[in-house]
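Coordinate analysis (summary)
Read off the chains here:
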Amino acid sequence: MHALRPLLRKSLFNLFAATLACAALFAPRAAGAEALLLIEADSGKVLQAENATIPWYPASVTKIMTAYVTLKAVKDGRLTLDTLLTVSPTAASQSPSKMGFRPGTQVTVDNALKMMMVKSANDMAVVLAEGVGGSVDGFSAVMNDTARKLGMTQTSYVNPNGLPAEGQITSARDLGILARSFLRDLPEYEYFVHIPAIRFGKRVTGNFNKLIGRYPGADGFKTGFICASGYNLVASATRNGRRLIAVVLGANSGTARAVKAAQLLERGFAQDNLTWLRPSLGTVDNLVPVDATPPNLRDEMCGPNRKRPASDDDDALIAANGGATGSASATGGEAQVTFFTAGLQPPLMKASELMASAPAPTEPVLVYTGPTRTGTALIAAVAADADQQAASKPRGKKSRVAKKPDAADKPKEGNKEGNKEAGTKTAAAKPDAKQADGKGDGKTAAKPAAAKPAGAKHAAAKPDTAKPDAAKPAEKPASGDQAAKPAKPKAAKPAAATKPANNS
């Protein structure tokens, strides 16, 4: 008996250690950190859930519901993919990311959907909402009614694009239900959720969902970001006929959300022979909602300690860091999965490296303004959009070229609203900066004549009381940027170079 005691102790210790390891693996994280969910698309079976029923701000993953409601209307025959919709002033006024079309521009339902799902264009979401529901409020009511019918009990919508608004709330659970419903109810339209890239004119935009073209079998869905929510992603992938859906809410970068989603999916696909080791978590519909306030991640995502400006498209961040953004937590996740499957499955791919790699080469899908076209008419439409882009770009570039010799080191105020005239402002920055209070000493007039067209424009934007020659024509029309200096058409050029900021 005494001889058996050490053996018994050792067995109990091993059992205790294994229990602790499993508890650490399956324990949910603290509320507010992030929410994760992994489910089977066909059955709705939950494979992993962490904070999955805590309310969350959806950001642009809202557009999955916008696409669902729009495509249901198409399927029911209330409109077609070829239906022309008009960009309203409300749509044109949305914050970036957006296409930036002027009010009155027309786009088909098909092109608006592609622009919304790939570029996450907020203006296209409103165009679709007004076209289907008559107004943003009308469409939001349809979205909420649809959410109730689908069993999304934690979701409410205020707008179709996910821009910050009181009452725009969802959860990982509800997003899993929505993604399943999309695949089940609209299988003929699911290509809208995995378009790798679009080409508008000469501009190519890749899908913000970095799994598309990188993770084997990735075939959906949508990203989202606002400061309060962090980086969100609903993703899906299919392998050997089995489709999984992963939801990541509150990641700290676009790379991190893609890495986490890839890890979830890989973990799920590796579980075929290990289901007996995991406790049953039921189906996504049966997850019990938590009554709580959504965590607000604004300080963490957009606070002063963040090194780079945050936005839904942080490709530059990936390139700069070699895919390492958020990889500290990612590596931990990979280590856990390796421990769990050690000796039972082949080693998992390193998701952080996969997300840092270039996507598989693919031909971008053409999008364009105006009615549906094919053949030579389509080529002409794409060329016309490209010409329009080319016509607007040189003006901005010309003014920037003019500004550099004088004040390349003074770009201080060339952002936000002043972006419209960044070129002209900086061009006159040196001569005018010292006389911003209107005390011209003749130096401005003595500057080279080449700088004058830019300087005159600048006078309308910055100093209200500049000295005689430079100020006279610009003082009165200071409120209308494009009206300044009518006698010198060159000065009007920079004002047309309006480029929307790239944050949403």
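It should be noted that the structure appears before, not after, this text.
Residues numbered from 1 in each chain as written. Predicted model: local features only at pLDDT ≥ 70, side-chain atom pairs only at ≥ 80, totals over all residues. Heavy atoms only, no water.

Turning our attention to the nonpolar core. Among the nonpolar cores identified, the biggest contains 93 residues, and Met65 and Met124 are the most heavily contacted of them. Sort the elements by how many residues they give to this core and helix H2 (residues 62-75) lands first, with eight residues. In this structure Met65 touches Met143, Thr146, Ala147, Leu150, Met152, Tyr157 and Leu178, once residues within four positions along its chain are discounted. (Core = buried A, V, L, I, M, F, W, Y, C linked by side-chain atoms within 4.5 Å. Buried < 20%, exposed > 50% of the residue type's maximum accessible area, 1.4 Å probe, protein only. Helix = DSSP H or I, 4+ residues; strand = E, 2+ residues; numbered from the N terminus. Contact = heavy atoms within 4.5 Å.)

Let us now look at unusual backbone geometry. Cis geometry is found at the peptide bond from Pro96 to Ser97, where omega equals 5 degrees. Along the chain, the position of Ser97 falls in the loop between helix H3 (89-92) and strand E4 (106-108). With an omega of 5 degrees, the peptide bond between Gly220 and Phe221 qualifies as cis.

Our next topic: the pairing of strand E2 (residues 46-50). Of all five residues making up E2, four are buried, and the element is well covered by its neighbours. Pairing geometry for strand E1 (residues 35-40) and E2, over four bridges, is antiparallel. Paired with Leu36 across the two strands is Glu50, which belongs to E2. If you look at the hairpin formed by E1 and E2, you'll find five residues sitting between the two strands, and Gly44 has a positive phi there, around 80 degrees. (Pairing = 2+ DSSP bridges.)

Let's shift gears to the packing of aromatic side chains. One pass over the structure, following the stated rule, counts five aromatic pairs. An angle of 35 degrees between the planes, with centres 4.3 Å apart, marks the rings of Phe225 and Tyr231 as tilted. Relative accessible area serves as the criterion here: at 1%, Tyr231 is assigned to the buried category. (Phe/Tyr/Trp six-rings, centres within 6.5 Å; stacked < 30°, edge-to-face > 60°.)

Okay, the sheet that holds E1 next. Across the sheet, which stays open at both edges, the five strands sit in the order E2-E1-E9-E8-E7 with antiparallel pairing between neighbours. Edge positions in the sheet fall to E2 and strand E7 (218-226), since each of these pairs with one other strand and no more. Here the average twist between neighbouring strands, direction ignored, is 5 degrees. Relative to the sheet, helix H7 (residues 172-185) contacts E1, E7, strand E8 (230-239) and strand E9 (242-251), its axis offset from that of E9 by approximately 145 degrees. Of the strands in this sheet, E1, E2, E7, E8 and E9 are in contact with helix H8 (residues 254-269), which crosses E9 at around 145 degrees. (Axes fitted to C-alpha atoms, helices over the stretch in contact; angles between N-to-C directions.)

Where strand E5 (residues 197-200) meets strand E6 (residues 203-206), four bridges bridge the pair, whose relative direction is antiparallel. Pairing of Phe200 across the sheet is with Arg203, part of E6. Turn length for the E5-E6 hairpin, with the two strands adjacent in sequence and antiparallel, is two residues, and the turn residue Gly201 shows positive phi of about 65 degrees.

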